[in-house]
Amino acid sequence: MSGTTMSGTGTDSTGSDSTGVILTVTPNPSLDRTYEVPSLDRGEVVRATGERMDPGGKGVNVSRAVAAAGRRTVAVLPLGGAPGALVADLLDAQGIEVAPVPVAGATRSNIALAESDGVLTKINAPGPELSEAEQELLLETVREQSRDADWIACCGSLPRGLAPSWYAEVVARAHAGGARIALDTSGRALLEALGERPDVVKPNAEELAEAVGRPLATVGDAVKAAEELREMGARAVLASLGADGQLLVEDAGTWFASARVDVVRSNVGAGDSSLAGFLIAGGRGPGALASAVAHGAAAVQLPGSVMPTPGDLDPAAVTVTAEVPVDRELKEPVS
C-alpha cells in the first residue's frame, strides 16, 4: 500500500464514491464574525480593515465542505433569535439544506480578530441553554432527517443543558435506524459515546491524548492511542496529527497519510473539511483517508474558513501507506 495516492484508490477527483445525503448535527452552532485588524492593542480603539460573517460550528463546516464538493447535505441544528436566522440564510445561500430546531435562546455569536501577522484571537460565546423539550426535538429531528442519509456526522461541543451522554443517545438511536455515525467531539462526551460503538471517531492529537490520559510524542504513540479508542468501542479512528498527517485505524488495517502543502493560509475548519472528504469517499479504507487528507490540505491553503471545491484538490500531493512510521517524532507533540 506504500506510496498510494488518492488518484489510485478507485475514487474520482473529488474522492466521492457514493451518492446519498450526508447529514450533519451541530448542537451548538454559531454566527462567526471575523475582523481583520493591523494589530490587537488592549484598551485601545482598533479599526478593522476587513470583516466577514460565516455560519459556524464543526458540523456546519462539514456541511459546507460537502456542499462545496457538490454533494447533497442536510444540516440539523438548533437556531434561535436574529443570529439563528442569519445562520440559516447563510447556509441556504451555500446550497445547504437546513433542518432547524427552533429554540428560545439566541444562537451564539463568536468573534475572531485576525491580525496582519497571522495571529488569530477567538472569543467564543457559550450559546443558549436547551430545555428538555428542545433537546428531545433535536433528537427527533435527527431521526426524521436520517432516513436517506449515508452518514450522520455529529460534531462539536455540547451546549448548556445537554448531558455528556447526549451524543451516546444520538449514536444509539442512529444505529437502531440503520444509519452510520461519524463523531467529532472530545472529553467526556467522546468517552461516553464510545460505548455505543460509533462507526468512526475523529480526534485531533490533543483530543486523542486527552482520551487515553497520556502524552503523544511519536506516530506510534498515536497509533496505540487510536487502538485503545477502538478497544473502548470505536469501530474506526481517523486521527488528525496536524502537520504530521493523519492516521486511519480500522478492522481492515492501519494507514498513515500525509500531503505536500505549499503555503498555510488558515487552518480554520480544515479538520472539518477533512472529515467531509473522508465521508464523501465512503468513510472506509485508504481511499477515504487519501480524500480526507486532500481536503484538509486544500483547506489550509485557502483564506479564513473557505471550504475547498474539487478544483482546489491536489490528489498527486497525497501519499498513503500501510507502512506506518511509528518511530517518527511528532512535529507538534502533545504533552
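Since the model is a prediction, treat every value here as computed from it, not as a measurement.

**Details of the environment of His295**
Logical step 1: Considering the arrangement of structural elements, one finds His295 in helix 9 (residues 285–300).
Logical step 2: On a C-alpha basis, the gap between His295 and Ala69 in space is 9.6 Å, while along the polypeptide they are 226 residues apart.
Logical step 3: Separated by 2.8 Å, the side chain of His295 and the backbone oxygen of Ser291 make a polar contact.

**Concerning the pairing of strand 9 (residues 180–184)**
For a regular strand, side-chain orientation follows a simple rule: the groups alternate between the two sheet faces.
Logical step 1: Buried residues dominate strand 9, accounting for four of its five residues.
Logical step 2: Summarising the sheet, strand 8 (residues 149–155) and strand 9 pair through five bridges and their orientation is parallel. Pairing of Ala153 across the sheet is with Ala182, part of strand 9.
Logical step 3: In this region the chain leaves strand 8, passes through helix 4 (residues 166–176) and returns to the parallel neighbour strand 9; the handedness of that crossover is right-handed.
Logical step 4: Summarising the sheet, strand 9 and strand 10 (residues 200–201) pair through two bridges and their orientation is parallel. Paired with Leu183 across the two strands is Val201, which belongs to strand 10.
Logical step 5: With helix 5 (residues 187–194) bridging strand 9 and the parallel strand 10, this β-α-β connection has right-handed handedness.

**Some points on the confidence of the model for the protein chain**
Logical step 1: Per-residue confidence for the protein chain averages 91 on the pLDDT scale, and 94% of its residues sit at or above 70.
Logical step 2: Predicted confidence is poor over residues 1–17, with pLDDT under 50, and the contacts of this stretch with residues over four places away or in other chains come to 49 contacts.

**Structural notes on the sheet that holds strand 6 (residues 108–115)**
Logical step 1: Strand order in the open sheet made by the four strands is 3-2-6-7, with mixed pairing throughout. The open sheet has two edge strands with one neighbour each: strand 3 (50–56) and strand 7 (120–123). Shown here is a sheet whose adjacent strand axes are inclined to one another by a mean of 20°, direction ignored.
Logical step 2: In terms of strand pairing, strand 6 meets strand 7 through four bridges, oriented antiparallel. In the sheet register, Ile111 faces strand 7, and the bridge partner there is Ile123.

**Here we look at unusual backbone geometry**
Logical step 1: Its identity as a non-glycine residue notwithstanding, Arg197 has a phi of 60°, on the positive side.
Logical step 2: Turning to its location among the elements, Arg197 is positioned in the loop between helix 5 and strand 10.
Logical step 3: The class for Arg197 is partly exposed, based on a relative accessible area of 41%.

**Digging into the UniProt feature "domain: Carbohydrate kinase PfkB" (unreviewed entry) in the protein chain**
Logical step 1: On the UniProt side, "domain: Carbohydrate kinase PfkB" (unreviewed entry) is annotated at positions that read residues 36–307 here.
Logical step 2: Within the segment residues 36–307, helix and strand shares are 39% and 25% respectively, and the terminal C-alpha atoms sit 19 Å apart.

**Some thoughts on the nonpolar core**
One recurring pattern in soluble globular proteins is that nonpolar side chains are buried together.
Logical step 1: Of all hydrophobic cores here, the largest spans 52 residues; its most connected members are Ile152 and Leu247.
Logical step 2: Those residues in contact with Leu247, other than ones at most four positions away along the chain, are Val219, Ala222, Val223, Val237, Leu238, Ala239, Leu241, Trp255, Phe256, Leu289 and Val324.
Logical step 3: Ranked by size, the runner-up nonpolar core spans 30 residues in total, among them Cys155, Leu248, Ala257 and Leu275.

**As for the side chain of Ser273**
Logical step 1: Residue placement: Ser273 occurs in helix 8 (residues 270–280).
Logical step 2: Looking at Ser273, the relative accessible area reads 0%, which means it is buried.
Logical step 3: Ignoring any residue separated from it by four or fewer positions in sequence, one finds Ser273 in contact with Ala65, His295, Gly296, Ala299, Met307 and Pro308.

**A word on helix 7 (residues 219–232)**
Logical step 1: In a regular helix each residue adds 1.5 Å, so 14 residues correspond to 20 Å; helix 7 covers 20 Å between its end C-alpha atoms and thus fits that length.
Logical step 2: Val219, Gly220, Ala222, Val223, Ala225, Ala226 and Leu229 are the residues of helix 7 that are buried.
Logical step 3: Just downstream of helix 7, Gly233 is the residue with a positive phi angle, here 140°.

**What about the pairing of strand 1 (residues 21–25)?**
Logical step 1: The buried fraction of strand 1 is high, at five of five residues.
Logical step 2: On strand 1, burial covers both faces: Val21, Leu23 and Val25 on one face and Ile22 and Thr24 on the other are all buried.
Logical step 3: Two strands pair when backbone bridges link them, and strand 1 and strand 8 are joined in this way by five bridges, in the parallel orientation. The partner of Ile22 across the bridge, within strand 8, is Trp151.
Logical step 4: In this structure, strand 1 lies alongside strand 4 (residues 73–79), joined through four bridges in parallel fashion. Looking at strand 4, one finds that Thr24 is bridged to Ala75.

How each quantity is defined
- Throughout this description, residue numbers start from 1 for each chain and increase along the sequence as written.
- Under the rules for a predicted model, residues below a pLDDT of 70 receive no local features and side-chain atom pairs below 80 are neither given nor counted, while totals for whole chains, interfaces and linings still include all residues.
- Side-chain measures were taken over the full set of non-hydrogen atoms in the model, leaving aside hydrogen atoms and water.
- Only DSSP runs of H or I covering at least 4 residues are called helices, and only runs of E covering at least 2 are called strands; the numbering of each starts at the N terminus.
- Side-chain atoms alone can form a polar contact between residues adjacent in sequence; in general such a contact is a pair of N or O atoms within 3.5 Å, and within protein one must be able to donate a hydrogen while the other accepts it.
- For each residue, the accessible area found with a 1.4 Å probe, counting protein chains only, is set against the maximum for its type, and the residue is called buried under 20%, exposed over 50%, and partly exposed in between.
- Following DSSP output, two strands are said to pair if at least two bridges run between them.
- If you view a crossover with the strands going away from you and the path from the first strand over the helix to the second runs clockwise, you call it right-handed.
- A residue's pLDDT is simply how confident the predictor is in it, with values from 0 to 100.
- Working rule for contacts: check all heavy atoms of both residues, and any pair within 4.5 Å makes them a contact.
- Axis geometry follows a simple rule: fit a line to the C-alpha atoms, using only the stretch in contact for helices, then measure angles between N-to-C directions, giving values from 0 to 180 degrees.
- UniProt positions are given in the numbering used here, feature names are shortened, and annotations may be inferred rather than shown by experiment.
- In these notes, a set of buried Ala, Val, Leu, Ile, Met, Phe, Trp, Tyr and Cys residues joined through side-chain atoms within 4.5 Å is what counts as a nonpolar core.
- The length a helix should cover is 1.5 Å for every residue beyond the first.

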